[in-house]
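# Summary of the model geometry
Next come the chains, spelled out residue by residue.
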Amino acid sequence: MAILDELALDSGGAQLTGHLAVPDRQVGTSDVRPGLVLCHGLPSRDPQLSDSDTYEQLAERVADELGYTVAAVTFRGCGRSTGNFSIAGWIADIRAAVTHLDEVHDVTDAVLVGAATGGSIAICAGAADESVRGVATLAARADFDDWASHPRRFREHCRRIGVIRDAGFPTSFDAWATELRTHRPDQAVRRLGSRSLMLVHGDEDKLVPMADARRLAEAHGAADVKGVAGAGHRLRDDPRVLALMLGWLDRQRSEMTTSR
């Protein structure tokens, strides 16, 4: 069985928590040591909880069956992590997790899997970090234009759900709001180049339409788009989606082996 542990990271002064799953045996015969960062979305219920707190079993399964070292990081402003939500801040948090896997756990290749907002930001983070081998998303949005159109309303929403906690944050509202416009998954995805991208989307998603997945795929040029019949926005608990995710991770590990 995989070895489970608590995750603690510093990300630009924000103290991040989460879960870490490390395989207790080598899967396969090569010296490839794959890593995975699981990226949760904005919380929608109890602001003290984050989706990463429910990823422990998934992290353990991926580590045990596929040999990945898995970091299920809790982004700043969520759960027990400190700090406040910003697009650039969450990108930095993903980078901190990738660096941790590399420097502490000797991971040779890392991939990102993100749900909803976490998937969109994973695209941006992966595009900016050439060490990331591939990205898979569940119900990711192609842009943050609806938030950028009403940034003060969105800031108040972030306060209500608890991801902005400090009264003085952001110190520069204009800079925080500008990030909503300048960080665009539909543009960043082009910088993934030939790296692997899988986009999983429910065909009855009322929050983020399937058209967003198609736009991301068109911008990338070689994405694997998986429509899930009858599925809405929350995909992570759908067994069909889990099978797609595990299959993609298995293929990435196989390709890491053959490329060495």
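Residues numbered from 1 in each chain as written. Predicted model: local features only at pLDDT ≥ 70, side-chain atom pairs only at ≥ 80, totals over all residues. Heavy atoms only, no water.

### Focus: the overall build of the protein chain
Along the backbone of the protein chain there are 9 helices and 8 strands. A compact globule built from 260 residues should have a C-alpha radius of gyration of about 18 Å, and the protein chain, at 17 Å, falls within 12% of that. Along the first, second and third principal axes, the C-alpha set of the protein chain runs to 55 × 35 × 30 Å. When the accessible surface of the protein chain is split by element, carbon and sulfur atoms take 48% of a total near 11,200 Å². (Helix = DSSP H or I, 4+ residues; strand = E, 2+ residues; numbered from the N terminus. Rg over C-alpha atoms; globule rule 2.2 N^0.38 Å. Areas by Shrake-Rupley, 256 points an atom, 1.4 Å probe, with all protein chains shown as cover.)

### Brief notes about the nonpolar core
A general feature of soluble globular proteins is that nonpolar side chains tend to end up buried together. Counting 53 residues, the largest nonpolar core has Phe85, Ile94, Leu112 and Trp176 as its most contacted members. Counting residues per element, this core draws most heavily on helix 2 (residues 87-105), which supplies 7 residues. Once residues lying within four places of it in the same chain are set aside, the contact partners of Phe85 are Leu42, Arg76, Trp90, Ile121, Phe154, Cys158, Val163, Ile164, Phe169 and Trp176. Judged by nonpolar contacts, the second largest core, of 31 residues, contains Leu36, Ala63, Ala136 and Met198. (Core = buried A, V, L, I, M, F, W, Y, C linked by side-chain atoms within 4.5 Å. Buried < 20%, exposed > 50% of the residue type's maximum accessible area, 1.4 Å probe, protein only. Contact = heavy atoms within 4.5 Å.)

### Comments concerning the packing of aromatic side chains
The final tally for this structure, using the stated rule, is 7 aromatic pairs. When the ring of Phe144 is compared with that of Trp147, the centres are 5.4 Å apart and the planes differ by 20°; the resulting orientation is stacked. Across the pair, exposure class does not vary: Phe144 and Trp147 are buried alike. Pairing Phe154 with Trp176 gives two aromatic rings, centres 5.9 Å apart and planes at 20°, and the pair type is stacked. Within this pair, whereas Phe154 is found in helix 5 (residues 151-161), its partner Trp176 is found in helix 6 (residues 173-182), the two being separated by 22 residues in sequence. An aromatic cluster is defined as three or more aromatic residues linked by ring pairs; in this entry it consists of Phe75, Phe85, Trp90, Phe144, Trp147, Phe154, Phe173 and Trp176. Seen from the ring of Trp147, Arg141 lies directly overhead, with NZ or CZ sitting 4.3 Å from the centre. Cation over ring: Arg152 sits above Phe173, and NZ or CZ is 4.1 Å from the ring centre. (Phe/Tyr/Trp six-rings, centres within 6.5 Å; stacked < 30°, edge-to-face > 60°. Lys NZ or Arg CZ within 6 Å of the ring centre and 35° of its normal.)

### Here we look at helix 2
Taking 1.5 Å per residue, 19 residues should reach 27 Å; helix 2 reaches 27 Å between its end C-alpha atoms and fits that length. Among the residues of helix 2, Ile87, Gly89, Trp90, Ile91, Asp93, Ile94, Ala96, Ala97, Val98, His100 and Leu101 are the ones counted as buried. Note on helix 2: the residue one or two positions beyond its end, Asp106, has a positive phi of about 55°. (Expected span 1.5 Å × (residues − 1).)

### Thoughts on the environment of Ser120
On the secondary structure map, Ser120 appears in helix 3 (residues 117-128). In this structure the C-alpha to C-alpha distance between Ser120 and Asp186, which are 66 residues apart in sequence, comes to 8.9 Å. The contact partners of Ser120, leaving out residues within four places of it in the chain, are Ala140, Arg141, Phe144 and Pro185. Within the local environment of Ser120, its side chain forms a polar contact with the backbone oxygen of Arg141, the two atoms lying 2.8 Å apart. (Polar contact = N/O pair within 3.5 Å; in protein donor to acceptor, adjacent residues only side chain to side chain.)

### Side note on the pattern of salt bridges
For side chains of opposite charge, pairing can occur when their charged atoms come near one another. Here the structure, examined in full by the defined rule, presents 19 salt bridges. The closest approach of N and O atoms between Arg95 and Asp129, which form a salt bridge, is 2.2 Å. With Arg95 in helix 2 and Asp129 in the loop between helix 3 and strand 6 (132-138), this residue pair connects regions lying 34 residues apart in the sequence. For Arg95, a relative accessible area of 39% corresponds to the partly exposed category. Because the salt bridges share partners, they merge into one network encompassing Asp143, Asp145, Arg184, Asp186 and Arg215. (Salt bridge = Lys/Arg side-chain N within 4 Å of Asp/Glu carboxyl O.)

### Some points on the confidence of the model for the protein chain
Summarising the model, the protein chain shows a mean pLDDT of 93, and 94% of its residues fall at 70 or more. A low-confidence stretch, residues 46-50 stays under pLDDT 50, and its non-local contacts, those more than four residues away or across chains, total 12 contacts. (pLDDT = per-residue confidence, 0-100.)

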